[in-house]
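Observations on the three-dimensional arrangement
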Amino acid sequence: MPEKVDIHLTTASSQIVYAPIRFKKNDIKRIAYGTKMVSCQIRFHEKPTLLISQDLATALSFPKSKVTLHLFVKDHVLYIGPLVGIFTAGFTSSMLRPVAQRSLFFAKLLTSAKEKGCSAFIFSHSDLDFTEGTVTGYFYGRNGWIKHKVPFPNVIYDRLPNRKLEQDNTLLKVKEKLQKEYDIPWFNPTFFNKWDTYQSLGKLESRWLLPTRLFSTPSDLKVMLSSYGHVYVKPIHGSLGKGMFVIEATSEGYHCESKDLDQNKVFSSFQKLINFLKKHKQAQPYIIQKKMSLLSYNNSPFDFRVHTNRNEDGKWEVTAIAIKVSGEDAITTHLRNGGYVKKLEDVFKDRTEAVEKKLTEAALTLSKHLQKTLDGTIGEIGFDFGMDANEELYLFEANSRPGRSIFKYPILHEQDVKTRQMLYAFAIFLTKESLERTEAVIL
């Protein structure tokens, strides 16, 4: 396991590093920060700190203030870190709110890095300098946001805000270059596709899946309505209930609800329903899914958000569980639609332990399966589960970049902190794993 120590700059002679004496056996000849490595002269002391001369700090583009980071040793090199880059877009010219309304989210995320002994920053593709091998990152500290030039990071966490940017050709080339040419681990590289996720899980974990069908032709919808009477029609790349329809076959015809509609619609024939959907569906593939009857709390249906993260050993853990109660007349439990959050024990009382066990088993099993079968490295997942009257669980969604609006509730403060910190625990794991490969590019 890497060790965490306080790191200070010193006015000592050129290229000098003072390291805790326990590292004496490693015959250290060089020191590295991110993907930058320089030769050094190593000295040892009894203190549990690392002292770096000013010239070495400059050569490494190391912060000028005291930091607490981990020390890794591999092949006579002392690695300081990990240095974690968070890749995003939508930057503004303001240093008060560099990423507009998402600035607070990222500020909290970067603060958690310090608590786990990591150095972290946010950046966009335009902040990279491939000639120097540096990136001008946005760091957050006591005095707010600052820019600092650092080497390319040890690990990159992807927080691009939408699927359109994710498919941008320029960004795709940058991501490919950093991963392939510099061998930088990159986790949660894409949004999940609902249909790909369903197909992946359906091979082994169908017990938690609602009957689902790809909406290729009108007959697909007719078959699902004939079989189940009440269905969801969802865009495979959708989120927050946008673009989703809830359709029910009734004696009056076909009843259609959507948060995007001014009012609910009733169609006297199936063809009229199809004509309406053709006009109002988003320009992307859709799935059709059986609608289930959810348990209710105070006469409002609810579902569950379960957050999972991988830890410093690369193992999956459940880091948060919450109940999302729907708002009045809302077709989903999303908090932006007027929903609110409760803890398990508020709703299930003496059955809390049994329900938590079911949710934990499902979330961990599905996390492991998705990691094995989907492309890319996955370090966190947000699951939305429903529960029927028999307390059987069914998966609604699996999100690779889960929203965090549930964590605005004080009752989830501890889970909020843990989920953020676990991102850096996983970054530590990926850094260790990368160093073991030895092919990582060092400039």
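Every chain's residues receive numbers from 1 upward, in the order its sequence appears when written. In view of the model being predicted, local features appear only for residues whose pLDDT reaches at least 70, and side-chain atom pairs are presented and counted only at 80 or more, with totals across whole chains, interfaces and linings using the full set of residues. Computation of side-chain values: all heavy atoms of the structure, hydrogens and water removed.

As recorded in an unreviewed UniProt entry, the chain goes by the name YheC/D like ATP-grasp, listed as coming from Priestia endophytica DSM 13796.

1. Looking at the overall build of the chain
By the criteria applied, helices consist of DSSP H or I runs no shorter than four residues and strands consist of E runs no shorter than two, each listed in order from the N terminus. Check the secondary structure of the chain and you find 10 helices and 27 strands. For a compact globule of 443 residues, the expected C-alpha radius of gyration is about 22 Å, and the chain comes in at 25 Å, within 12% of that figure. With respect to the three principal axes, the spread of C-alpha positions in the chain is 85 × 50 × 40 Å. Put simply, the chain has 443 residues, and 53% of those count as buried. Only C-alpha atoms enter the radius of gyration, while the globule expectation follows 2.2 Å times N to the 0.38, with N the number of residues. Only protein chains enter the accessibility calculation, which uses a 1.4 Å probe; a residue whose area is less than 20% of its type maximum is buried, one above 50% is exposed, and one in between is partly exposed.

2. Let's talk about the pairing of strand β18 (residues 245–250)
Of the strand pairs in this sheet, strand β17 (residues 230–235) and β18 are connected by 4 bridges, and their pairing is antiparallel. The residue of β18 that forms the bridge with V231 is I247. Here 5 bridges tie β18 to strand β19 (residues 253–257), and the two strands are oriented antiparallel to one another. Bridging across to β19, A249 finds its partner in Y254. Counted between consecutive antiparallel strands, the loop separating β18 from β19 contains 2 residues. Only strands that DSSP links by at least two bridges are regarded as paired with each other.

3. Some words on the packing of helix α2 (residues 103–115) against helix α10 (residues 413–437)
Running from N to C, α2 and α10 cross one another at 65°; their axes reach a closest spacing of 8 Å. On the basis of their axis angle, the class for α2 and α10 is roughly perpendicular. Crossing of α2 over α10 shows right-handed handedness. Every residue of α10 that contacts α2 at K108, L109, L110, S112, A113 and E115 is listed here: D416, V417, R420, Q421, L423 and Y424. Each residue gets one label: Ala, Val, Leu, Ile, Met, Phe, Trp, Tyr, Cys and Pro are nonpolar, Asp, Glu, Lys and Arg are charged, and the others, such as Gly, are polar. Each residue belonging to the contact of α2 with α10 can be placed in one class, and the counts come to 6 nonpolar, 2 polar and 4 charged. Throughout, an axis means a line fitted to C-alpha atoms (over the contacting stretch in the case of helices), and angles, computed between N-to-C directions, take values from 0 to 180 degrees. When describing relative orientation, an angle under 35 degrees is termed roughly parallel and one over 145 degrees roughly antiparallel, while 65 to 115 degrees is termed roughly perpendicular and anything else oblique. Note on convention: near helix rotated counterclockwise from far helix by under a right angle means a left-handed crossing. Clockwise means right-handed. Should any heavy atoms of two residues lie within 4.5 Å, those residues are counted as being in contact.

4. Brief notes about the environment of I411
Turning to its location among the elements, I411 is positioned in the loop between β27 (393–399) and α10. Along the backbone, I411 and A389 are 22 residues apart, and their C-alpha atoms lie at a distance of 26 Å. Residue contacts for I411: discarding those within four places in its chain leaves V341, K342 and K343.

5. Re the environment of K234
Mapped onto the secondary structure, K234 falls in strand β17. K234 gets classed as buried once you look at its relative accessible area, which sits at 5%. In this structure, the C-alpha to C-alpha distance between K234 and D127, residues 107 residues apart in sequence, is 36 Å. With near-sequence residues (within four places) excluded, K234 lies in contact with K194, M244, P285, Y286, I287, Q289, F396 and E397. Whenever two N or O atoms come within 3.5 Å, that pair is a polar contact, provided that in protein one can donate a hydrogen and the other can accept it, and provided that, for residues adjacent in sequence, both atoms are side-chain atoms. In this structure the side chain of K234 is engaged in a polar contact, spanning 2.8 Å, whose partner is the side chain of Q289.

6. Observations concerning the side chain of S53
Along the chain, S53 turns up in strand β6 (residues 49–53). Only 2.6 Å separates the side chain of S53 from the side chain of D55, close enough to count as a polar contact. Beyond its immediate sequence surroundings of up to four residues, S53 is in contact with T10, A12, S13, S14, Q15 and I16.

7. Considering the sheet that holds strand β5 (residues 41–45)
Taken together, the 8 strands give an open sheet; going across it, the order is β4-β3-β8-β7-β1-β6-β2-β5, and neighbouring strands pair in mixed fashion. One side of each edge strand has no neighbouring strand; the edge strands of this open sheet are β4 (36–39) and β5. For this sheet, the mean inter-axis angle between neighbouring strands, taken without regard to orientation, is 30°. Seen against the sheet, α10 touches β7 (67–74) and β8 (77–81) and runs at an angle of roughly 25° to β7.

8. Some details on the nonpolar core
Take the buried residues of types Ala, Val, Leu, Ile, Met, Phe, Trp, Tyr and Cys, join any two whose side-chain atoms come within 4.5 Å, and each joined set is a nonpolar core. If you look at the biggest cluster of nonpolar residues, it comprises 40 residues, and the most contacted ones within it are I7, I31, L50, I52, F62, I80 and L178. Residues within four places of L50 in sequence aside, it is in contact with V5, D6, I7, H8, V17, Y18, A19, P20, L71, L78 and I80. Membership of the second largest hydrophobic core comes to 32 residues, among which are V355, L366, F385 and M387.

9. A word on the packing of helix α6 (residues 218–228) against helix α7 (residues 270–280)
Where α6 meets α7, the closest approach of the two axes is 11 Å, and the angle between their N-to-C directions is 125°. Relative to α7, α6 is oriented oblique. Once α6 is placed against α7, the crossing between them reads as right-handed. Counted together, P218, L221, K222 and L225 of α6 and F270, L273, I274 and L277 of α7 form the full contact between these two elements.

10. Re the sheet that holds β17
An order of β16-β21-β17-β18-β19-β20 is seen for the 6 strands of this open sheet, with the pairing classed as antiparallel. Where the open sheet ends on each side, the last strands, each with one partner, are β16 (212–214) and β20 (265–267). The average angle at which neighbouring strand axes cross in this sheet is 25°, direction not considered. Packing of helix α5 (residues 194–202) onto the sheet brings it into contact with β16, β17 and β21 (286–290), and relative to β16 it is tilted by some 130°.

11. Considering the packing of aromatic side chains
Pairing of aromatic rings covers Phe, Tyr and Trp, the last through its six-membered ring, and needs centres within 6.5 Å; plane angles under 30 degrees mean stacked, over 60 mean edge-to-face, and all others mean tilted. Across all of its chains, the model carries 23 aromatic pairs by this definition. On the numbers, 6.0 Å between centres and 45° between planes, the contact of F130 with Y182 is tilted. Here F130, found in the loop between β11 (128–129) and β12 (134–141), pairs with Y182, found in the loop between α4 (169–180) and β15 (186–187); they are 52 residues apart in sequence, far enough to count as distant. Note on Y140 and W145: the rings are 5.1 Å apart at their centroids and 65° apart in plane angle, and the pair reads as edge-to-face.

12. Some words on the pairing of strand β1 (residues 3–10)
Bridge analysis of β1 against β7 gives 5 bridges, and the strand direction is antiparallel. Looking at the pairing, K4 lines up with H70 of β7. Here β1 pairs with β6 via 5 bridges, running parallel. Pairing of L9 across the sheet is with I52, part of β6.

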